[in-house]
Amino acid sequence: MRVPAKINLQLAVGPVRGDGYHPLVTVFHAVSLFDEVTVRPATEMALAVTGEDAAAVPADRLNLAWRAARALAQAANVRDGAVGIEIRKRIPAAAGLAGGSADAAATLVACNEIWQVGLSQRDLAEIAADIGSDVPFSLVGGTAVGRGRGDELTPALASGEYHWALAFGRTGLSTANVYATCDRLRAARAKAMGQPLAAEPELSTELMTALRSGDPARVGPLLTNDLQPAALSLRPGLRRTLAAGREHGALGSIVSGSGPTCAFLARDAAHASDLAVALTSSGVCRTAARASGPVPGAMVVRNGRPS
Ligand code: C5P
């Protein structure tokens with residue numbers, strides 16, 4: 001299986017709900033930074049993780065891919081449903097790129113094939129949403145609007161190909177901590193300014209129109225992320241990272257999801273390469289890579305080719 005990372009072109013976060021989650025309106029965009037996930041029938045569950053940040057990724061039942069296999073076995077009544085999962089990571093962990101969700105989505109699709117249980121996309125999406133808010137998007141990829149916890153998806157009408165530079169941080173950020181920090185910052189501001197905590201999130205119609213035009217120069221200035229102030233307060237150094245991208249002509253510079261990865265929209269593929277080199281050599285991130293989007297979600301690969 002090959003499964004992509006995501007970035008958020010818009011991430012509007014509403015006031016925290018009773019269940020601890022936040023209502024979202026987000027525009028997901030899958031980019032060409034892929035994990036490879038190999039799933040084989042086995043007599044007992046096993047998991048191996050190699051590659052980028054492997055040491056930071058749990059290689060047991062805490063891993064979302066393991067949970068995905070178990071959840072599918074249960075939902076489809078697969079007795080003795082065990083698999084061996086190998087994850088070759090290129091998507092950094094705890095980076096705001098939905099790497100763990102990607103591995104879970106790939107495992108769901110793989111187990112559906114291996115056990116020949118014939119679950120529909122809709123069935124898989126339901127199981128996916130129980131595993132994590134971003135897992136349903138990792139199944140479909142492309143560009144899509146997410147509502148609810150981010151798990152209620154509708155496709156977005158986007159044209160063209162977008163070229164990105166992604167700047168990776170030295171250590172990850174906990175998504176739950178970034179949301180909690182967002183709540184704290186909002187509460188402090190509300191107290192100081194006498195304003196309501198947060199408005200209900202709304203889709204940016206300007207961004208949707210710009211995405212239909214396919215023109216990155218129009219899309220760039222409209223990228224927004226309500227979690228960015230929280231990520232910046234936890235990692236003040238990210239301000240320098242964002243500034244470096246702007247100095248090198250990025251059309252838009254934004255923290256991806258809960259961070260700490262920063263995403264920079266480039267004019268074209270060559271500019272994305274230049275940006276990645278400039279960001280890496282300026283020392284404002286651990287390393288940077290170029291990627292393009294949109295790309296499809298979790299995909300079966302046989303003999304090196306998508307099938
Ligand atoms: O759904 P997932 O397990 O990926 O979410 C991780 C954490 O991010 C949650 O425990 C919650 O703290 C936060 N979150 C949130 N609102 C969302 C999605 C995630 O508060 N819509």
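Up top is the structure.
Residues numbered from 1 in each chain as written. Predicted model: local features only at pLDDT ≥ 70, side-chain atom pairs only at ≥ 80, totals over all residues. Heavy atoms only, no water.

Trainee: Whenever I open this one, the packing of aromatic side chains confuses me. Can you help?
Mentor: One pair of aromatic rings is described through two measures. These are the centre distance and the angle between the planes. Scanning the model with the defined rule gives 1 aromatic pair in all. Here Phe 28 and Phe 137 contribute two aromatic rings whose centre-to-centre distance is 4.6 Å and whose plane-to-plane angle is 15°, an arrangement assigned as stacked. Placement of Phe 28 in strand β2 (residues 24-41) and of Phe 137 in helix α4 (residues 135-140) is noted, with a sequence separation of 109 residues between them. Of the residues examined, Phe 28 reaches a relative accessible area of 1% and is grouped as buried. Residue classification places Phe 137 among the buried positions, given a relative accessible area of 1%. Between the NZ or CZ atom of Arg 2 and the centre of the ring of Phe 34, over which it lies, the distance is 4.0 Å. Lying across the ring of Tyr 21, Arg 149 places its NZ or CZ 5.1 Å from the centre. (Phe/Tyr/Trp six-rings, centres within 6.5 Å; stacked < 30°, edge-to-face > 60°. Helix = DSSP H or I, 4+ residues; strand = E, 2+ residues; numbered from the N terminus. Buried < 20%, exposed > 50% of the residue type's maximum accessible area, 1.4 Å probe, protein only. Lys NZ or Arg CZ within 6 Å of the ring centre and 35° of its normal.)

Trainee: Honestly, the pattern of salt bridges in this entry has me stumped. Any pointers?
Mentor: Charged atoms that come close allow side chains of opposite charge to pair. Taken as a whole, this structure holds 9 salt bridges when the rule is applied. Between Lys 89 and Asp 103 there is a salt bridge, with its nearest N and O atoms 2.8 Å apart. Here Asp 103 lies in helix α2 (residues 99-114) and Lys 89 lies in strand β4 (residues 83-89), a separation of 14 residues in the sequence. Asp 103 shares its class with Lys 89; the two are buried. Among the ionic pairs, Arg 302 bridges to Glu 113, the shortest N-O distance being 3.0 Å. (Salt bridge = Lys/Arg side-chain N within 4 Å of Asp/Glu carboxyl O.)

Trainee: Explain the pairing of β2 here, please?
Mentor: Working note: regular strand, side chains alternate between the two faces of the sheet. Burial of β2 is extensive: 13 of the 18 residues sit out of reach of the surface. Pairing of strand β1 (residues 2-13) with β2, which is carried by 11 bridges, proceeds in the antiparallel orientation. Bridging across to β2, Leu 11 finds its partner in Thr 26. Pairing of β2 with β4, which is carried by 6 bridges, proceeds in the antiparallel orientation. Residue pairing for β4: Val 37 is matched across the bridge by Ile 87. (Pairing = 2+ DSSP bridges.)

Trainee: Honestly, the side chain of Ser 258 in this entry has me stumped. Any pointers?
Mentor: Summarising the element assignment, Ser 258 is placed in the loop between β9 (252-255) and β10 (262-266). Here Thr 175 takes part through its side chain, which lies 3.3 Å from a polar atom of the side chain of Ser 258. In contact with Ser 258, other than residues within four places in its own chain, are Gly 96, Leu 173, Thr 175, Val 178, Leu 227 and Ala 231. (Polar contact = N/O pair within 3.5 Å; in protein donor to acceptor, adjacent residues only side chain to side chain. Contact = heavy atoms within 4.5 Å.)

Trainee: Quick question: what am I supposed to make of the site of the ligand here?
Mentor: Neighbouring residues of the ligand: Gly 20, Tyr 21, His 22, Leu 24, Gly 132, Ser 133, Arg 149, Thr 175, Ala 176 and Tyr 179. Gly 20 places a main-chain nitrogen or oxygen 3.5 Å from an oxygen atom of the ligand. At a separation of 2.5 Å, an oxygen atom of the ligand approaches a polar side-chain atom of Ser 133. Considering the ligand on its own, with 450 Å² of exposed area, one finds that the protein chains cover 75% of that surface. Among the residues making up the shell around the ligand, the classes are represented as 4 nonpolar, 5 polar and 1 charged. Inspection of the shell around the ligand shows a minimum of three residues originating in each of domain 1 (2-156 + 302-306) and domain 2 (162-293). (Near = heavy atom within 4 Å. Areas by Shrake-Rupley, 256 points an atom, 1.4 Å probe, with all protein chains shown as cover. Nonpolar A, V, L, I, M, F, W, Y, C, P; charged D, E, K, R; others polar. Domains from an automatic or database assignment.)

Trainee: Just checking my understanding: could you explain the packing of helix α1 (residues 64-75) against α2 for this structure?
Mentor: Relative placement of two packed helices is described by the angle separating their axes and the distance separating the axes. At their nearest, the axes of α1 and α2 sit 7 Å apart, and the two run at 35° to each other. Like other packed secondary-structure pairs, α1 and α2 cross with a definite hand, here right-handed. Along the contact surface, α1 presents Leu 64, Ala 65, Ala 68, Ala 69 and Leu 72, while α2 presents Gly 100, Ser 101, Asp 103, Ala 104, Thr 107, Leu 108, Cys 111 and Asn 112. Of the residues in the contact of α1 with α2, the class split is 8 nonpolar, 4 polar and 1 charged. (Axes fitted to C-alpha atoms, helices over the stretch in contact; angles between N-to-C directions. Left-handed = near helix turned anticlockwise from the far one by under 90°.)

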